[in-house]
Amino acid sequence: MPKAANNPAVNSPKIVAVDADGKATRIKAERLEIDFGDGRKLLLAFPERAWGDLEIEAETDSEEAVPMLSLQPGACNLMTLRVEVHHDMMPVEPIDLPQGENPPLLTLAVQKAVDGVDKASAPKKHQIRRWAQAALERDAEVAVRLVGEAEGRELNREFRGKDYATNVLTFAYGEGEDLPGAADRPLAGDLVLCVPVVLREAAEQGKTLEAHFAHLVVHGMLHLQGYDHENEVDAQEMEKLETEILRGLGYADPYA
């Protein structure tokens, strides 16, 4: 067996911080957060699984702000970015670059209405983005709200007539609209995840919290795109698709 397989540390990222004097300091981390002040942060994540080697995201504290930079290698694709500066450049004739298929664009906002243990257990924005993107079939504008038991119960009672908190709720906007150009506009909707319910379910079902959150985000995103499980045929189709998406993300079959 290769040495790397016996020693996980061999494959862990090697991070070195270098100061103005050139002094290098090793850092053990899987995620770096660089705070520039004024609510601006640069997040560098190093996923353990096979969907990418590095994720870069710029954030601000403003809920309306759009991330300035997001680099997300997906599934088994490889993305390489290299920038070179040449001071003595010669003009060249324009060329036609090959046209590839662009993945669907996800505009994501994450709201955390939780505190204490629930806040500490809630997934990070970069995790939610990865899970939602994996289930995306067309451009979408999605807000994911992480809530406690009281708000989860209130929303479920108000919109579904059920007086208890459920794990995930999906709200699709413009559903059923038959207007010119509607098919070309991004999907719009909200996902509400009730964190304490997800915590309980993961423990009861013997699943990791990360895997269960991933499943519920994928499940909610498919609902947003019109999938449902009102009858056995539709339920089987949706469950099969969820399983395939989660397998691509490195998670086990949630229905096994």
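One can find the structure itself at the top, above this paragraph.
Small disclaimer: the values here were computed from a predicted structure and weren't measured. Counting restarts for each chain, with residues numbered from 1 along the sequence as it is written. The model is predicted, so local features are restricted to residues of pLDDT at least 70 and side-chain atom pairs to those at 80 or more, both for listing and for counting; the totals for chains, interfaces and linings are taken over all residues. Excluded from the side-chain calculation are hydrogens and water; included are all heavy atoms of the structure.

### What to know about the pattern of salt bridges
(1) Moving on: Only one rule defines a salt bridge in this text: a Lys or Arg side-chain nitrogen within 4 Å of an Asp or Glu carboxyl oxygen. Following the criterion strictly, the structure yields 4 salt bridges and no others.
(2) Moving on: With its nearest N and O atoms 2.6 Å apart, the salt bridge here joins R145 to E151.
(3) Moving on: With a 1.4 Å probe rolled over the protein chains alone, any residue whose accessible area is under 20% of its type maximum counts as buried; one over 50% counts as exposed, and the rest are partly exposed. For E151, a relative accessible area of 24% translates into the label partly exposed.
(4) Moving on: Its salt-bridge partner being R157, residue D163 comes within 2.8 Å of it at the nearest N-O pair.
(5) Moving on: You can call R157 partly exposed: its relative accessible area is 40%.
(6) Moving on: Taken together, the shared-partner salt bridges in this structure form one network comprising R153, R157 and D163.

### Topic: the environment of K23
(1) Moving on: Topologically, K23 is positioned in the loop between β1 (15-18) and β2 (24-27).
(2) Moving on: Take K23: its relative accessible area is 57%, and that puts it in the exposed class.
(3) Moving on: We call two residues in contact when some of their heavy atoms are within 4.5 Å. Those residues in contact with K23, other than ones at most four positions away along the chain, are A17 and V18. We count a stretch as a helix when DSSP gives it H or I for four or more residues in a row; a strand needs E for two or more, and each element gets its number in order from the N terminus.

### Observations concerning the sheet that holds strand β9 (residues 168-173)
(1) Moving on: Here a strand pair is declared whenever DSSP counts at least two bridges between the two strands. Pairing within the open sheet is mixed, and its 4 strands lie in the order β7-β8-β10-β9. In the strand order of this sheet, the two ends are held by β7 (106-113) and β9, each with one partner. Between one strand and the next, the sheet's axes are offset by a mean angle of 15 degrees, whatever the strand orientation.
(2) Moving on: The pairing of β7 with strand β8 (residues 140-147) spans 8 bridges and is parallel. Note on β8: the bridge partner recorded for T107 is E141.
(3) Moving on: Think of each axis as a best-fit line through the C-alpha atoms, taken over the contacting stretch in the case of a helix, with angles from 0 to 180 degrees between the N-to-C directions. Contacting β7 and β8, helix α3 (residues 125-134) crosses the sheet at an angle of about 135 degrees to β7.

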